[in-house]
Amino acid sequence: MSWLVDARIALVLTVVVSCGCNLSTTKHSQPQTAGPGSVTEVRLVNADHEPGNWLAYGRTYNEERFSPLQEISGRNVNQLGLAWSFDLDTHRGQEATPIVVDGVMYFTSAWSRVFALNAATGALLWSYDPKVPREWGVNACCDVVNRGVALWKGKVYVGTLDGRLVALDAATGKLVWEQLTIDRNWRYTITGAPRIVKGKVIIGNGGGEFGVRGYVSAYDAESGQMVWRFYTVPGDPAKPFESPILAQAAKTWSGEWWKNGGGGTVWDAIVYDPELDLLYVGTGNGGPWNGKIRSPKGGDNLLTCSIVALRPETGEYVWHYQEDAADDWDFDSSEQIILADIPIDGKTRKVLLHAPKNGIFYVIDRENGAVISARPYTFINWATGVDLKTGRPMETDIAHYPGENPPPIVPGPLGAHSWQPMSYSPITGLTYIPVNDVGFKFKAADNFEFKKLAANYGIDTVAAGMPQDPTIKKAILDTVKGKLVAWDPVQQKQAWAVERPGPWNGGTLATAGNLVFEGTAAGRFEAYRADTGEKVWSFDAQTGVMAGPVTYTVKGEQYVAILAGWGGVFPLATGEVSFKSGRVRNVSRMLAFKLGGKASLPPLPEVEEPILNPPRSVADSATIHRGEALFQRFCASCHGDVAVSGGVLPDLRYSSTLANDRWFKIVRDGAYQSLGMVSFAKEVSQKDAADMRTYVIFRANQSKADQVPHK
Ligand code: CA
């Protein structure tokens, strides 16, 4: 059995069997701490010796999101109840994993705000607002989210949406230092959690959709000074390359890729391997998505869509494995990486487990980056698998969207699995993946022109929009699904799956209590038997849940906590598709559970349904089509595909400004800049803005006639 090979788990089980007590007794072996948040390298490397804490983003450096705690188990999980909740005053997305150190919980909310709570009671200890200028929100592809903090020697570290790395005093939340990590002339954002390795804070950024060049940097945790920076794609070849690998990488590009950044951003996965002393980062898609625009004469476009191993002291390149050469589909490889030792052909191998957006589950030798096995973990149609001799995907003939009317590619840019963290239980040997099944109609854009404030995909965003023919629409929506998949990485096959009505369900947590916890897009927080997938507990969270759960103990009592709240790219950008998952509201709050917990949530206040009352649509079809193209390019990534909002940001079909000139004050004069809606005047003329509105009026009338349900 696979768990036998894991000495740590064998040790933990021995302790349980011999003393007949629960694991919370191991709290006695927790090191004496020097003060709040005193996480050290020794504690992080030995995180399994203190299972009562959740010391880092994935709990341990291996980022398995597996907890040895088992007070809460399949036998008693039906007694799990709410211990406390903590309300957040925002309606933007919640993606953070909390860190719990010695009874204190640290986490982030929207706009990179940081909170410290008493982990047993939910009482607020302090909060910190980095005061991200709201106009920076336009630079975020995927909501103004943040996925969490890192703790190190009494300090809390957070990357802010506007590109700062901030160090706070863990006791007080007071600012210690902050450092700008980006060039603000470009649309960089930070949404990922920093990681701390050997006294260095490692942080990347996002923006691959908007024309940035990807990199990851290390800062000294004490002083905030930059120690190294590694660029993931080559810059202008007329200038010296920053590292030898970039000279090689430049040979895999063509045209003038550097002018549009190239992408390859390190927006999520950054994982340290203490055994091999390597740092693995996952890189994002090439930018623009359409490879023929990005690199017109072809080429693999290294190091986009890759896992790259670096030396943590220097940022020196060690190896890479590219999952998608010549990416055409926004197939980021930035999704979380899990380090594990698993048996392959009778030998224990040091591997990393990866389920990136492209729908293929990879087991990769982390000593050299060689792919050991790779198999689709859900339905895909862009490839049939991976050629293990070359490591390259075996693409189908529709992959690079040929011709005028190419069929949809599955998965689409949402990814078969995105940032929602997966987990791996060394006891069951299974990986628990929140899977999205959503295709996307890619068609190359005619006459693509890079625009600073637009989505720069290089594809025809009108062709990608939801058709309004009811039969076609229904057929498309019927294919949209989600599921929780338990995947066996040794056999490379599904052990069990739980079907969901739609995608964008939460990250997962596996425990030694034979449980897997997951929040759902439909508004539940649930537990399943880790070995069989049998549902054993469910809680009405009143809101969609995307984030990853954690578990910890305070005074020997086990808690499970989840940051509830709906948002992210799915409800912002995908319009009606997002309704498949559940018509949830965003109620942002931290929820903590324990056995016998008796707290309850206040009932949700009734919300009055808005009334669709647009001016009459009188425009000619040419104007409407022109407006549609502008809307899909400039507006849809926040206000929703074909002007249907997923309920997080305003649905413009209901806007009173459709009937007055305030529309122009907002779109061109920046009247709502303080709310995050900047002026688009530099790229959107008065006529453009008028045509956009004409299109929204048309859509509002169309929806009224169809009685399209709305939020
Ligand atoms: Ca991307």
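Details of the structure are given in the entry above.
Note on numbering: residues in each chain are counted from 1, in written sequence order. Only residues with pLDDT of 70 or above have their local features reported here, since the model is predicted, and side-chain atom pairs are shown and tallied only from 80 upward, although totals for entire chains, interfaces and linings are computed over all residues. As a convention, hydrogens and water are excluded, and side-chain values are obtained from all of the structure's heavy atoms.

Listed donors are limited to N, O and S atoms within 2.8 Å of the metal, widened to 3.2 Å for Na, K and Ca; water is not among them, so incomplete-looking sites are possible. Coordination of the calcium ion by the protein involves Glu209 (OE), Asn285 (OD1), Asp330 (OD), Asp332 (OD) and Asp332 (OD), with metal-donor separations of 2.3 to 2.8 Å. Considered as a linear motif, the donors of the calcium ion on their single chain read E-x75-N-x44-D-x1-D. In this pair, Asn285 is assigned in the loop between strand 16 (278-282) and helix 4 (291-294) and Asp332 in the loop between strand 18 (317-322) and strand 19 (337-344), connecting sequence segments 47 residues apart. You'll find Asn285 and Asp332 in the same group, each marked buried. Strands are runs of DSSP state E lasting at least two residues, helices are runs of H or I lasting at least four, and both sets are numbered from the N terminus onward. Residue burial is assigned from relative accessible area. The probe radius is 1.4 Å, only protein chains are included, and a residue is buried under 20% of its type maximum, exposed over 50%, and partly exposed in between.

An order of 25-26-27-28 is seen for the four strands of this open sheet, with the pairing classed as antiparallel. A strand with exactly one partner marks an edge of an open sheet, and here the two such strands are strand 25 (423-425) and strand 28 (493-500). Each neighbouring strand pair of the sheet contributes to a mean axis angle of 25°, computed without reference to strand direction. Here, any two strands with at least 2 DSSP bridges between them count as paired. Relative to strand 28, strand 27 (residues 481-488) runs antiparallel, the two being bridged by seven bridges. Within the sheet, the bridge partner assigned to Ala486 lies in strand 28 and is Trp496. Think of each axis as a best-fit line through the C-alpha atoms, taken over the contacting stretch in the case of a helix, with angles from 0 to 180 degrees between the N-to-C directions.

Buriedness for pockets is judged along seven lines, at least five of which must meet protein on both sides within 12 Å for an open set on the 1 Å grid over protein atoms alone, while cavities are sets there where a 1.4 Å probe fits but cannot get out, and lining residues have an atom within 4 Å of a point. Grid points are joined across faces, edges and corners, and a volume is the space filled by probe spheres set on the points. Per the counting criterion, the structure on display carries two cavities of 30 Å³ or more. Reported here for the largest cavity is a volume of approximately 110 Å³. Around the largest cavity, the lining comprises 16 residues; the ones closest to its centre are Ala56, Tyr57, Tyr61, Arg195 and Ile196. Where the lining of the largest cavity is concerned, the elements lending two or more residues are strand 7 (150-152), strand 11 (195-197) and strand 15 (270-273). Here the residues of the lining of the largest cavity are counted per class, giving 13 nonpolar, one polar and two charged. What the second largest cavity holds in volume is close to 50 Å³. Taken together, Ile190, Thr191, Gly192, Ala193, Arg195, Ile203, Gly204, Asn205, Val266, Trp267, Asp268 and Ile270 make up the lining of the second largest cavity. Each residue is assigned to one of three groups, with Ala, Val, Leu, Ile, Met, Phe, Trp, Tyr, Cys and Pro labelled nonpolar, Asp, Glu, Lys and Arg labelled charged, and all others, Gly among them, labelled polar.

Now for the sheet that holds strand 7. By definition, the strands of a sheet pair up through backbone hydrogen bonds, in either a parallel or an antiparallel sense. A sheet is described by the order of its strands in space; here four strands give the open sequence 7-8-9-10, paired in antiparallel fashion. The open sheet has two edge strands, strand 7 and strand 10 (175-180), and neither has a second partner. Pairs of neighbouring strands in the sheet enclose a mean axial angle of 20°, with direction left out of account. When strand 8 (residues 155-159) meets strand 9 (residues 164-169), the two strands line up antiparallel, connected through five bridges. Opposite Val158, over in strand 9, you have Val166 as the bridge partner.

For the rest of this paragraph, the subject is the state of the cysteines. Criterion for a disulfide: a pair of cysteine sulfur atoms within 2.5 Å. This structure, assessed with the given rule, holds one disulfide. Each disulfide pairs two cysteine sulfurs, and for Cys141 the partner residue is Cys142, the sulfurs being separated by 2.2 Å. Between Cys141 and Cys142 the disulfide shows an S-S torsion of about -105°. By sign, it is left-handed. Cys141 provides the cysteine sulfur closest to Cys305, a residue in no disulfide bond, and the two sulfurs are 14 Å apart.

Further remarks concern the environment of Lys704. For Lys704, the position within the fold is in helix 10 (residues 686-706). Its relative accessible area of 42% is what places Lys704 among the partly exposed residues. Along the backbone, Lys704 and Gly214 are 490 residues apart, and their C-alpha atoms lie at a distance of 44 Å. The criterion used for residue contact is that any of the two residues' heavy atoms lie within 4.5 Å. Residues within four places of Lys704 in sequence aside, it is in contact with Leu612, Asn613 and Pro614.

Time to look at the side chain of Asp332. Residue Asp332 is classed as buried on the basis of its relative accessible area of 3%. A distance of 3.1 Å separates polar atoms of two side chains, one belonging to Asp332 and the other to Trp267. We call two N or O atoms a polar contact when they sit within 3.5 Å, provided that within protein one can donate a hydrogen and the other can accept it, with sequence-adjacent residues counted only if both atoms are side-chain atoms. A distance of 2.5 Å separates polar atoms of two side chains, one belonging to Asp332 and the other to Lys357. Among all residues touching Asp332, those that are not within four sequence positions of it are Trp267, Thr283, Gly284, Asn285, Pro356 and Lys357.

Attention now goes to the nonpolar core. In these notes, a set of buried Ala, Val, Leu, Ile, Met, Phe, Trp, Tyr and Cys residues joined through side-chain atoms within 4.5 Å is what counts as a nonpolar core. In this structure, Tyr106, Leu151, Val156 and Val216 are the most contacted members of the largest nonpolar core, which totals 63 residues. Setting aside residues up to four positions removed in sequence, Leu151 forms contacts with Gly37, Val39, Ile99, Val101, Tyr106, Val156, Ala170 and Ile196. The next biggest cluster of nonpolar side chains, apart from the first, holds 48 residues, and it includes Val438, Val569, Ala573 and Leu630.

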